[in-house]
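# Coordinate analysis (summary)
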Amino acid sequence: MSKKSLSFERHCPARHCSVDMDFSHFPEQDDPFLLYESDEAKVQRQNVDTLQSLKHHMERLRAELIYERRRNEDQMESFEEERRTWHEEKEKVIRYQKQLQHNYIQMYRRNRELEREMRQLSLELEARELDEFDLQGSEIRFEEITATEI
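Criteria and cut-off values
Residues numbered from 1 in each chain as written. Predicted model: local features only at pLDDT ≥ 70, side-chain atom pairs only at ≥ 80, totals over all residues. Heavy atoms only, no water. Patch = residues over 30% accessible without salt bridge, like charges linked within 9 Å, V, L, I, M, F, W, Y side chains within 5 Å. Areas by Shrake-Rupley, 256 points an atom, 1.4 Å probe, with all protein chains shown as cover. Salt bridge = Lys/Arg side-chain N within 4 Å of Asp/Glu carboxyl O. Lys, Arg positive; Asp, Glu negative; His and termini not counted. Charge placed at Lys NZ, Arg CZ, Asp CG, Glu CD. Buried < 20%, exposed > 50% of the residue type's maximum accessible area, 1.4 Å probe, protein only. Helix = DSSP H or I, 4+ residues; strand = E, 2+ residues; numbered from the N terminus. Phe/Tyr/Trp six-rings, centres within 6.5 Å; stacked < 30°, edge-to-face > 60°.

### With respect to a positive patch on the surface
Where like charges cluster on the molecular surface, the positive patch consists of Arg109, Arg112, Arg116 and Arg119. On the basis of relative accessibility, which here comes to 39%, the residue Arg112 falls in the partly exposed class.

Put into structure tokens, the structure is as follows:
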């Protein structure tokens, strides 16, 4: 059985494509009518078969292209969803950090105010203790006075 193949070249926008077709699957010896077929009829039959094969190949490539485009769109949608989610989470974290900072500043100011009050009260308490000590020292205590003989 002889192996016959045809080479068709087609110019694609992206690159130069070459498709080699193998016609060994058409055994002319199996069909006695094909032995007497003219060369022109053989070429026409082979051309039809080649065109059908090319159409099938083209349909397969179109289906693959559609699949890849859908996959690309799905990936882009997924990426955009992830970006939105990330942005929302980032905004939540920023708001939380601002709230923490605000609470810290309030706590710091309140702490300073309480320390100031404590110092003031400590000074007042010390002053009272000193005043009480001074008053106790100037009082005459009769218990301490003892009578002496003259």
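The discussion continues.
### Details of the pattern of salt bridges
One pass over the full model with this rule turns up three salt bridges. With a closest N to O distance of 3.6 Å, Arg71 and Glu68 form a salt bridge. Of the two residues, Arg71 and Glu68 are both situated in helix 2 (residues 39-138); the distance of three residues between them amounts to about one turn of the helix. In this structure Glu68 comes out as partly exposed when scored by relative accessible area, which is 33%. Arg84 is the partner of Glu81 in a salt bridge, and the nearest nitrogen-oxygen pair spans 2.8 Å. Separated by three residues within a single helix, Glu81 and Arg84 lie in helix 2, roughly one turn from each other. Overall, the relative accessible area of 41% leaves Glu81 in the partly exposed class.

### With respect to a nonpolar patch on the surface
On the surface, Tyr104, Ile105, Met107 and Tyr108 cluster together into a nonpolar patch covering about 430 Å² of accessible area. With respect to the helices and strands, the residue Ile105 is situated in helix 2.

### Some thoughts on the packing of aromatic side chains
Overall, the coordinates contain one aromatic pair when judged by the stated rule. A centroid spacing of 6.5 Å and a plane angle of 20° characterise the contact between Tyr104 and Tyr108, whose relative ring orientation is stacked. Placement of the pair is Tyr104 and Tyr108 together in helix 2, with a separation of four residues, close to one helical turn. The exposure class assigned to Tyr104 is exposed, which follows from its relative accessible area of 51%.

### Considerations on a negative patch on the surface
A cluster of acidic side chains, namely Glu126, Glu129, Asp131 and Glu132, defines a negative patch on the protein surface. Examined against the element boundaries, Asp131 turns out to sit in helix 2. Residue class for Asp131 comes out partly exposed when judged on its relative accessible area of 48%.

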